[in-house]
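Take a look at the letters that make up each chain.
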Amino acid sequence: MKDKIVLITGSGRGIGKAIALRFGQLGAKVIVNDINPDTAEAASTEIKKAGGEAINIVADVSNKLAVQTMHYEIIEKFGRVDVLINNAGVEPTGSILTMDEWAWDRTLNVNLKGAFLCSQTVGRAMKEQGGGVIVNISSIAGRAAGLRDRAAYVASKTGLVGFTRECAREFAAYNIRVNAVCPGVIITEMTSHLRQNETQMKKWMEDIPQARLGEPDDVTGLVIFLCSDESKYITGQAFNVDGGKVMS
Ligand code: NAD
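Residues numbered from 1 in each chain as written. Predicted model: local features only at pLDDT ≥ 70, side-chain atom pairs only at ≥ 80, totals over all residues. Heavy atoms only, no water.

A. Just helix α7 (residues 198–207), in detail. For α7, the complete set of buried residues consists of Met 201, Trp 204 and Asp 207. In an axial view of α7, the angular spread of the buried residues amounts to 125°, which keeps them on one side of the axis. Residues Glu 198, Thr 199, Lys 202 and Glu 206 are exposed on α7 and point more than 90 degrees away from its buried face. Residue Asn 197 occupies the N-cap position of α7, its side-chain oxygen lying 3.1 Å from the main-chain nitrogen of Thr 199. (Buried < 20%, exposed > 50% of the residue type's maximum accessible area, 1.4 Å probe, protein only. Helix = DSSP H or I, 4+ residues; strand = E, 2+ residues; numbered from the N terminus. Arc of directions from axis to C-beta. Polar contact = N/O pair within 3.5 Å; in protein donor to acceptor, adjacent residues only side chain to side chain.)

B. Quick peek at the packing of helix α1 (residues 14–25) against helix α8 (residues 217–227). At a minimum axis distance of 9 Å, the contact between α1 and α8 shows a crossing angle of 55°. Relative to α8, the element α1 lies oblique. Judged by the sense of rotation from one axis to the other, the crossing of α1 with α8 is right-handed. Between α1, through Ile 15, Ala 18, Ile 19, Arg 22 and Phe 23, and α8, the contact on the second element is made entirely by Asp 217, Val 219, Thr 220, Val 223, Ile 224 and Cys 227. Among the residues forming the contact of α1 with α8, the class breakdown is 8 nonpolar, 1 polar and 2 charged. (Axes fitted to C-alpha atoms, helices over the stretch in contact; angles between N-to-C directions. Parallel < 35°, antiparallel > 145°, perpendicular 65-115°, else oblique. Left-handed = near helix turned anticlockwise from the far one by under 90°. Contact = heavy atoms within 4.5 Å. Nonpolar A, V, L, I, M, F, W, Y, C, P; charged D, E, K, R; others polar.)

C. Quick peek at the site of the ligand. Near the ligand lie 29 residues; those nearest to it are Asp 34, Asn 87, Tyr 153, Ile 186 and Thr 188. Contact between the ligand and Asp 60: a nitrogen atom at 2.8 Å from a side-chain N or O atom of the residue. (Near = heavy atom within 4 Å.)

D. Here's a closer look at the pairing of strand β2 (residues 29–34). Of all 6 residues making up β2, 6 are buried, and the element is well covered by its neighbours. The side-chain alternation of β2 yields two buried faces, one formed by Lys 29, Ile 31 and Asn 33 and the other by Val 30, Val 32 and Asp 34. Here strand β1 (residues 5–8) pairs with β2 via 4 bridges, running parallel. Its bridge partner being in β2, Ile 8 is matched across the sheet by Val 32. Handedness of the β1-α1-β2 crossover: right-handed. A crossover links β2 with its parallel partner strand β3 (residues 53–58), the connecting element being helix α2 (residues 37–49), and its sense is right-handed. (Pairing = 2+ DSSP bridges. Right-handed = clockwise from strand over helix to strand, strands pointing away.)

E. Structural detail: the side chain of Lys 157. One can find Lys 157 in helix α5 (residues 151–171). Here Lys 157 is buried and forms no salt bridge, its nearest opposite-charge partner Glu 91 lying at an N-O distance of 8.8 Å. Filtering out sequence-adjacent residues up to four positions away, Lys 157 remains in contact with Asn 111, Ile 137, Ser 138, Ser 139 and Gly 142. (Lys, Arg positive; Asp, Glu negative; His and termini not counted. Salt bridge = Lys/Arg side-chain N within 4 Å of Asp/Glu carboxyl O.)

F. Expanded view of the environment of Ile 186. With respect to the helices and strands, the residue Ile 186 is situated in the loop between β6 (176–183) and α6 (192–195). Sequence-wise, Ile 186 and Leu 21 are 165 residues apart; in three dimensions their C-alpha atoms are separated by 17 Å. Setting aside residues up to four positions removed in sequence, Ile 186 forms contacts with Ile 15, Thr 191, Gly 214, Glu 215, Pro 216, Val 219 and Val 241.

Take a look at the structure:
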């Protein structure tokens, strides 16, 4: 990963931040993107304090102009993007019968359209430069498992697995590999409210053979592998990182 130019969306905190820190440790030049300027700045500072190289760019991945401006800034500074991690995500809860239309749109716009906009914008440059790697952070909710009271989230993450496959098919001709990583329940802000629910926690633990929730660091190894040449014949796939979770 030494000197690779790596853009990780939504990496001000949580899983994205863990991935960004790991790339920083491995000598990559890391672009921390987030919609939150404070966390974006703090994460890039942390990477630099640990001896890595990083910049932060505040942008809403669901906004085409913002994505294009972010990309322009990266090209101005580094000249290329070798790795794109589409990680930014939101997860509103609620039943379909009561869900607000805004929540549906926002979820699909950030989780799915955001990955499309970033893949299109960065993909064009990767094609010109002769190749690259994209990893989409989906979820086990986007596979057979699903997730109660998260219809928009499940739809977005299921869509992201399908988008991964089609993106891989189209981009293979340009030497760009595209895969999806599907975490189980990981301890981050996104799951903090759920982890306070004892009944929910007990149920989850029964379903996880390894009998623990995941840490953000549990996700980074697979992401790094999928971005390295060790996985050069792997594209269009989705992989679970979930402690062996089975859904009941
Ligand atoms: P998190 O809420 O801690 O972090 C998400 C980050 O994305 C935040 O920093 C947030 O500010 C940023 N973000 C939100 N909207 C954005 C936008 N429009 N543009 C740019 N940045 C934006 O969540 P997390 O748990 O770290 O999740 C990271 C990814 O992993 C998400 O895509 C999530 O769906 C996925 N995931 C999480 C879990 C889990 O259990 N935590 C499980 C499966 C998948």
